[in-house]
Amino acid sequence: MEKALRSRPVLSDNLWRIIRIGLPSLLLAAAVAGLVLGDAWLWAAVEWSPPPFEEFYGRDGFDTRTTAALLVAALMKATFLWLILRTPIRGPLDRRTKALRLLLYVAVVYSLVPWYLIGLLPDAVGAALPLVLWTSIDVLYLLIIRWRSRVLRAAAGAMFAVELVSMANYLLAVLDLPAFQAGRIVGLGFTLSAVVATVLTVVGQRRDGRWSRGTQVAGWSSAGVIVVMIPVDGIYSSGNMVMPVIMDMMAFVGTVWIAATARELAEGDRPAGLPPARQRVIRLAVAAVVVLPVMTMIHPEQTPHFTYTGRSLGCYHRPNYGDLKPEERDAAFLCRARSTEGGRSPLFPDSLPDQTILAHGRALCRAKDPGEQAAILKRAGSERPDGGMDPWDLVYVCPEIIGLSQPELLLSTAEEAAASAAYIAEENAKCRDPWPRTKGVVQATAKYFLFADGDHGYLVHDPGDKASEKAVERAMDRVFDDSAQIGVSGSAVLVGHIEDVIDLCLTVKAFRSAPPLRMAGWQQVTEVPVVSPTGRLAVPEMDGGDVGAGAPMPNLAIAGKGRYRVRVYVRLGDEGEEHLVVVFPGTSKKRLKLKQ
C-alpha cells in the first residue's frame, strides 16, 4: 500500500511528461500533414481556425512567404506549448495563492481556446468572462506579490484599474448600455496601460524573489510584444497573411509568462540558474523571434505592395482631404480605387499593386478629358473604364491639380464647416427686412436655400401635427393648381417661387391681428388659411443640411393652437426673389388673391 502511494506522484509526473511532449509533437505533425494536404489544412493546423478564414484572404492559395511563416509559427508554438505545460513547483500555498494559481491557469486555458469556439458564446458572456477573470487576478496580484514598496503597489493598482475600465467599457457597449466612445488616442492609452501594468508586475516579481529570471524575461518579452503589435495591428496584405500569422505566434509569449507565473508561486525548490553563456544564447533567440518577423515585413520601395482592399476597415467612408495626415492620403485613395461599394466591381483590379494604382491615379489627374481617362483605365485593366474617377477621390493623390479648380476639396471638416457658416452668414446679410418700421411680435429675415436642381418651395406648417406628412403631400400637389403657386392643406402651406432660383430672401413676421395690406412695390400678394393643432407654425431651417432657412426661424403661432391667416408677399428685386410672410390669428377659410 505504501509503495502504491509513493508511486502515484511518479506515475502522475510520467503522464504529464507524455502530455508535455505529445501535444507539441502533435502540433508539428499536424503542420507537416497540412503541408501535404493543402493550404486550408495547414492554416487550420497552425492557426487553430477553420479554413474559411484562410479562403477570405488567400483565395488563390498561399505564397512562399506565408507558407514559410506558418511552418515557423508551428515550430515556435510547439516550443511555447512545451514551456507552458511545465509542472507547477511543489511547495506550501495558502488559500489566496492557491486561488491565484488556479485563476492564472484558467487564463492560460482561455488564451489557448480557438477564437471561433469562444465566438459560439453569447457576446455578453464572451465580454464578461475576461473582465471577471482579470479583476480577480489583479486583486490577488496586489495582495500576494511582495511589492516591498507602497508606491509601486499603488502604481500597479492604477494600471490594473485602467485595464479593467477598458474591459468594462467593451462589455457596456456589447450590452447596448451607455459606454465611453474611445477614439484612437484613448484606445492607444488603454494599450499602453497594459504595457505599463505588465512592466510593473515584472518589477514586483523581481522584488518578491519567488520568480526566476526566465519568468521575468518572459514578462519583459510580453510587454515588448504588445509594443511591437501597436504599429502593425490591423495591417493585412492582399493574398499575404504573414503578418497575422506572426502576430498570433507572438501573442503566445504572454501566455508563457502567465503559465510561468502560476508555476513558480510556491516557495519550493527551484532548478539552478543557467550558465551565463546559455543565458545570452536564450536572449538572442528571444530577440530574434520578436524582431526578425517584423524585419521581414520591411521591403524595398520597389517591391509590390497590396496594403488595402475594398473590404479593408476604414474604406467605407470618404474622409476630407484636410483631415488626413500626408502619409494617410495615399491609403485613402487606394481604398476608393479598390472600393466595391454598392456591389460594383473595383475601379482597378486586385492584381495591381499599390504603386501602380497610385501612378494610374496621378495619370488620371493629368488627363485632359473623359476620353483620356477612359483610355488610362482601359490600359490598367479596369472593368469600369467608362466610369472615370471623381475629383473628390483624385484629390488624395494630386491636390495640387484638383485644388486649382476645386479648392473646397482641400478643406478639413472643421474648415468646411467654418466656410459653410461664413457663406451662409454672408448670404443672410444680403437680405433686408422689407417692413423695417412694422415690427412683429416675433420676426426673422434670412436667406432660404432650395435644392440646387429645383425645389417646390418652402413650408409654413405645424411640424407637430400627426397628419403633417399627408398635409404636406396634399399642399405640394395643389401648388401646381394655383396661379400664385401656393398650396394649402390643413396645417401646411407650401409657398412656391416665381423664378427658377436656388435661394430667395425670406422675412417672416407674426402679429396679434391683421396688419395693413401695404401692397405697393409687391408683384403678388396672396392670403390663405392654416390651422395649428399643437400651437406651432414654423419654417424649416437648414440645421446642418443643404435646404432650409439660413438662420433660426421663430414660432409664428403666437396665439397658441387654432386657426391663422398666412399672407404671402412676393417680388423680384436686385437681390433676386424676395418673400414676406405675415401670420396672424384668423378664423376665415377663404383664399384671397389680393394682388397678382
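As a reminder, the structure under discussion sits directly above these lines.
Since we're looking at a predicted model, the values are computed, not measured.

S.K.: I'd love a proper account of the nonpolar core, names of residues and values included.
M.R.: Core analysis: the largest hydrophobic core is formed by 48 residues, its most contacted members being Leu100 and Leu104. Excluding residues that lie within four positions of it along the chain, leucine 100 makes contacts with Ile137, Leu140, Tyr141, Ile144 and Leu265. If you look at the next biggest cluster of nonpolar residues, it comprises 30 residues, including Tyr448, Val530, Ala549 and Val568.

S.K.: I'd like to hear about the sheet that holds strand E3 (residues 486-489), residue by residue, with values.
M.R.: Taken in spatial order, the three strands of this open sheet run E2-E4-E3, and their pairing is antiparallel. Two strands close off the open sheet at either side, each with one partner strand: strand E2 (458-461) and E3. For this sheet the average axis-to-axis angle between neighbouring strands, irrespective of direction, equals 15 degrees.

S.K.: A description of the pairing of E2 should follow, citing residues and the corresponding values.
M.R.: Put simply, side chains in a regular strand alternate between the two faces of the sheet. The alternating pattern of E2 places Tyr458 and Val460 on one face and Leu459 and His461 on the opposite face, and all of these are buried. As judged from the four bridges shared by E2 and strand E4 (residues 492-495), these two strands associate in the antiparallel manner. Residue pairing across strands places leucine 459 opposite leucine 494, the latter belonging to E4.

S.K.: Mind laying out the state of the cysteines, listing which residues take part and the relevant values?
M.R.: Applying the stated criterion to the full structure yields two disulfides. Between cysteine 365 and cysteine 398 runs a disulfide, and the two sulfur atoms are separated by 1.6 Å. The S-S bond linking cysteine 365 to cysteine 398 shows a torsion near -60 degrees; that makes this disulfide left-handed. Separated by 33 residues along the polypeptide, cysteine 365 in helix H15 (residues 354-366) and cysteine 398 in the loop between helix H17 (391-394) and helix H18 (399-405) bring together distant segments of the chain. The pair formed by cysteine 365 and cysteine 398 is uniform in burial state, with each residue classed as buried.

S.K.: Would you mind going over the packing of helix H14 (residues 326-337) against H15 in detail, with residue names and values included?
M.R.: At a minimum axis separation of 10 Å, H14 and H15 run at an interaxial angle of 90 degrees. Classified by the angle between their axes, H14 and H15 sit roughly perpendicular to one another. Seen from H14, the contacting residues are Asp330, Phe333, Leu334 and Ala337; seen from H15, they are Asp354, Ile357, Leu358, Gly361 and Arg362.

The rules behind the values
Residues numbered from 1 in each chain as written. Predicted model: local features only at pLDDT ≥ 70, side-chain atom pairs only at ≥ 80, totals over all residues. Heavy atoms only, no water. Core = buried A, V, L, I, M, F, W, Y, C linked by side-chain atoms within 4.5 Å. Buried < 20%, exposed > 50% of the residue type's maximum accessible area, 1.4 Å probe, protein only. Contact = heavy atoms within 4.5 Å. Pairing = 2+ DSSP bridges. Helix = DSSP H or I, 4+ residues; strand = E, 2+ residues; numbered from the N terminus. Axes fitted to C-alpha atoms, helices over the stretch in contact; angles between N-to-C directions. Disulfide = S-S within 2.5 Å. Parallel < 35°, antiparallel > 145°, perpendicular 65-115°, else oblique.

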